[in-house]
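Observations on chain architecture
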Amino acid sequence: MTFLRRALCAALGVALAALTLVAIACAGFVTTMARDFSVPASTQQVTPPAITPARPDRIQVAILLGSGGTVATDAMGPYGVFAASDAFQVRTVSASREPVALSGGLATIPQATYADYADGRLPTPDLVVVPAISDPSGAGEADLRSFIERAHADGSRVMGVCAGARVLVETSVLDGRTATSFWSDLDGMRSAHPETTWVSGKRWVDDGNVLTTAGVSSGIAASLYVVQQLAGEDEAVRIADAVRYPHWEPTGSIDIPVNTVSLADYPYVLGATLPWGQPQYGLGLLPGTNEIDIAAAAELYGGAAFTAHVIPVAESAEITTEHGMTLLTTPVAEAGKLDRLIVPGATTTSTLTDQLSDVPVFLPAADAGDGNTSFDPILADIARTDGRATAMTAAKYIEYPLPALPAEEGSPIRVTLLAIGAVLLAVLVGLAPAGIRRLRRPSQNAA
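What you see is a predicted model, and the numbers here were worked out from it, not measured in a lab. (Residues numbered from 1 in each chain as written. Predicted model: local features only at pLDDT ≥ 70, side-chain atom pairs only at ≥ 80, totals over all residues. Heavy atoms only, no water.)

Quick look at the environment of Ala422
- Checked against the element boundaries, Ala422 lands in helix H14 (residues 413-446).
- Here Ala422 falls in the buried class, since its relative accessible area comes to 11%.
- Measuring from C-alpha to C-alpha, the distance between Ala422 and Ala34 comes to 21 Å, with 388 residues separating the pair along the chain.
- Setting aside its immediate chain neighbours within four residues, Ala422 contacts Leu21 and Ile24. (Helix = DSSP H or I, 4+ residues; strand = E, 2+ residues; numbered from the N terminus. Buried < 20%, exposed > 50% of the residue type's maximum accessible area, 1.4 Å probe, protein only. Contact = heavy atoms within 4.5 Å.)

Here we look at the nonpolar core
- The biggest cluster of nonpolar side chains holds 74 residues, and the ones touching the most others in it are Met76, Phe82, Leu106, Met159, Leu283 and Leu300.
- If you tally residues by element for this core, the top one is helix H10 (residues 291-304), at 9 residues.
- Dropping the residues within four chain positions of it, Phe82 is found in contact with Val61, Phe88, Val90, Leu127, Val129, Met159, Ser223, Val226 and Val227.
- In this structure, Ala62, Tyr117, Ala165 and Val167 belong to the second largest nonpolar core, which totals 26 residues. (Core = buried A, V, L, I, M, F, W, Y, C linked by side-chain atoms within 4.5 Å.)

Observations regarding the pairing of strand E12 (residues 280-284)
- E12 sits mainly inside the fold: 4 of its 5 residues count as buried.
- With 5 bridges joining them, E12 and strand E13 (residues 309-314) adopt parallel strand pairing. Bridged to Gly284 within E13 is Val313.
- In this fold, E12 hands off to H10, which returns the chain to E13; that crossover is right-handed.
- The pairing of E12 with strand E17 (residues 340-342) spans 3 bridges and is parallel. Paired with Gly282 across the two strands is Leu341, which belongs to E17. (Pairing = 2+ DSSP bridges. Right-handed = clockwise from strand over helix to strand, strands pointing away.)

Description of helix H2 (residues 72-82)
- The buried fraction of H2 amounts to 11 of the 11 residues, a majority that puts the element mostly inside the structure.
- All of the buried residues in H2 are Ala72, Thr73, Asp74, Ala75, Met76, Gly77, Pro78, Tyr79, Gly80, Val81 and Phe82.

Some thoughts on a nonpolar patch on the surface
- Side chains of Leu21, Val423, Val427 and Leu431 sit close together on the surface and give an oily, nonpolar patch of about 330 Å² of accessible area.
- In terms of residues, the nonpolar patch owes the most to one element, H14, which gives 3 residues.
- Secondary-structure assignment places Val423 in helix H14.
- Given the relative accessible area of 43%, Val423 is considered partly exposed. (Patch = residues over 30% accessible without salt bridge, like charges linked within 9 Å, V, L, I, M, F, W, Y side chains within 5 Å. Areas by Shrake-Rupley, 256 points an atom, 1.4 Å probe, with all protein chains shown as cover. Salt bridge = Lys/Arg side-chain N within 4 Å of Asp/Glu carboxyl O.)

Some words on the sheet that holds strand E16 (residues 330-331)
- Read across the sheet, 5 strands follow the order E16-E13-E12-E17-E18 without closing on themselves; strand pairing throughout is parallel. Each edge of the open sheet is held by one strand with a lone partner, namely E16 and strand E18 (361-362).
- Its contacts with the sheet put H10 on E12, E13, E17 and E18, and the angle it makes with E12 is roughly 170 degrees. (Axes fitted to C-alpha atoms, helices over the stretch in contact; angles between N-to-C directions.)

Re the packing of helix H7 (residues 218-231) against helix H8 (residues 233-243)
- With their axes 7 Å apart at the nearest point, H7 and H8 run at an angle of 155 degrees to one another. Between H7 and H8, the interaxial angle falls into the category roughly antiparallel. Where H7 crosses over H8, the handedness of that crossing is right-handed. From H7, Ile220, Leu224, Val227, Gln228 and Ala231 reach across to H8, where they touch Glu233, Glu235, Ala236, Ile239, Ala240 and Val243.
- Of the residues that constitute the contact of H7 with H8, the class distribution is 8 nonpolar, 1 polar and 2 charged. (Parallel < 35°, antiparallel > 145°, perpendicular 65-115°, else oblique. Left-handed = near helix turned anticlockwise from the far one by under 90°. Nonpolar A, V, L, I, M, F, W, Y, C, P; charged D, E, K, R; others polar.)

Digging into the packing of aromatic side chains
- Taken as a whole and judged by the stated rule, the model has 12 aromatic pairs.
- Judged by centre distance (5.2 Å) and plane angle (65 degrees), the ring pair of Tyr117 and Phe147 falls under edge-to-face. Residue Tyr117 is found in helix H3 (residues 114-118), and its partner Phe147 is found in helix H4 (residues 142-153); the two are separated by 30 residues along the sequence. As far as the burial class goes, Tyr117 and Phe147 line up, both buried.
- With 5.1 Å between their ring centres and 65 degrees between their planes, Trp183 and Tyr397 make a pair best called edge-to-face. Separated by 214 residues along the polypeptide, Trp183 in the loop between strand E8 (178-179) and helix H6 (186-192) and Tyr397 in helix H13 (residues 388-397) bring together distant segments of the chain.
- A relative accessible area of 10% places Tyr397 in the buried class.
- The ring of Tyr281 is capped by Arg340, whose NZ or CZ atom sits 5.1 Å from the centre of that ring. (Phe/Tyr/Trp six-rings, centres within 6.5 Å; stacked < 30°, edge-to-face > 60°. Lys NZ or Arg CZ within 6 Å of the ring centre and 35° of its normal.)

Description of the environment of Gly69
- Residue placement: Gly69 occurs in the loop between strand E1 (59-64) and H2.
- The contacts of Gly69, once residues within four sequence positions are left out, are Phe37, Ala101, Ile133 and Ser134.

Re the pattern of salt bridges
- Throughout the structure, instances matching the rule amount to 15 salt bridges.
- Between Asp187 and Arg190 there is a salt bridge; the shortest N-O distance is 3.1 Å. Here Asp187 pairs with Arg190, and both are found in helix H6, just 3 residues apart, close to one helical turn.
- Looking at Arg190, the relative accessible area reads 33%, which means it is partly exposed.
- The closest approach of N and O atoms between Asp265 and Lys396, which form a salt bridge, is 2.8 Å. One end of the pair, Asp265, is in the loop between H8 and helix H9 (266-273); the other, Lys396, is in helix H13, and 131 residues separate them in sequence.
- Residue Asp265 is classed as buried on the basis of its relative accessible area of 3%.

Structure, rendered in structure tokens:
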């Protein structure tokens, strides 16, 4: 009987310790997602810009945005590529003109709604880009899925970026098709959706009028491929030279490494589930900054490496990007304490940095050298502050070709200490039943 009681006490302790770790991880992940997909309070002052009339001489592109949140680079990467060409007219489209969240703390005002197309104010798009959204099968995104199916039935080409495939499998678009997606989704997709043939190890898969891509950054490379098809090789090369996406060539290979979940992914897991004590990085947004530069910084610090709480800041409550996206920000005067200021696309200081003269400033474009100016310097900076393993994992999770990282590297001290603290707390909770049993024993013996 005594042995059974001890065994039950030990089992209860193990269960309590495990539940404690799960509770900490869940609370941390909820906090991370709330920070990652947020709309600044100052948006009440922002008026949506007028809808630009369609130009019949241009290829019409609709980039869909989920009402509950969209992965920033999945949307802004293709936007930056297509909008850089005079052959295309690009719009972000959602259920309403109300502000919507993008990952990494960004937020934008959609440039059109599904109703604008249904009512004939805008023509059926030639290309519909479907990024990863936070609730791909939810009732709140029913209009988005219906728009995809109607447009595809009307002849639109559909391009699913990364986990945008999770949206497409909720429609009929991928039935009987060959497709790809974010590498960690593929096994689940094969099991849950055998009606589609899923391919690993390809940057993108083109099956007739449906194109799907691998993880996050692959949307940029696949967009260059679409530009090459629809606007010509010279135009694609011109934009590729400006974007400087590594290894992209008109006739280059689309083979990529086949990634799998491994113990080396621990920085991603710890970063996503242990957000407490994160430094606050101001993402300094200047009018006219390229969309890909902005998305890369927001995505990597706030949504892939999880090394910082990213707060977009500017001199006003909104800025317009190089190709016309309206991004919502926190005015500098309301930003509060910032530990660093990251200014994507800038090579020199500005009036924005002057207003935050007491905050350390990092200008990724000025630190890029001859490499890519959007992702490479951010990954190098993450290696310097939080270690090479953190930078390598972030690159893996956005499926970006790993650049040369600096020899000097930092250490993920914050998440390491938090992880140790979480384990110690779980152990203490797990020992509680045994401690209570021992405290009760003297009184039982006395009785």
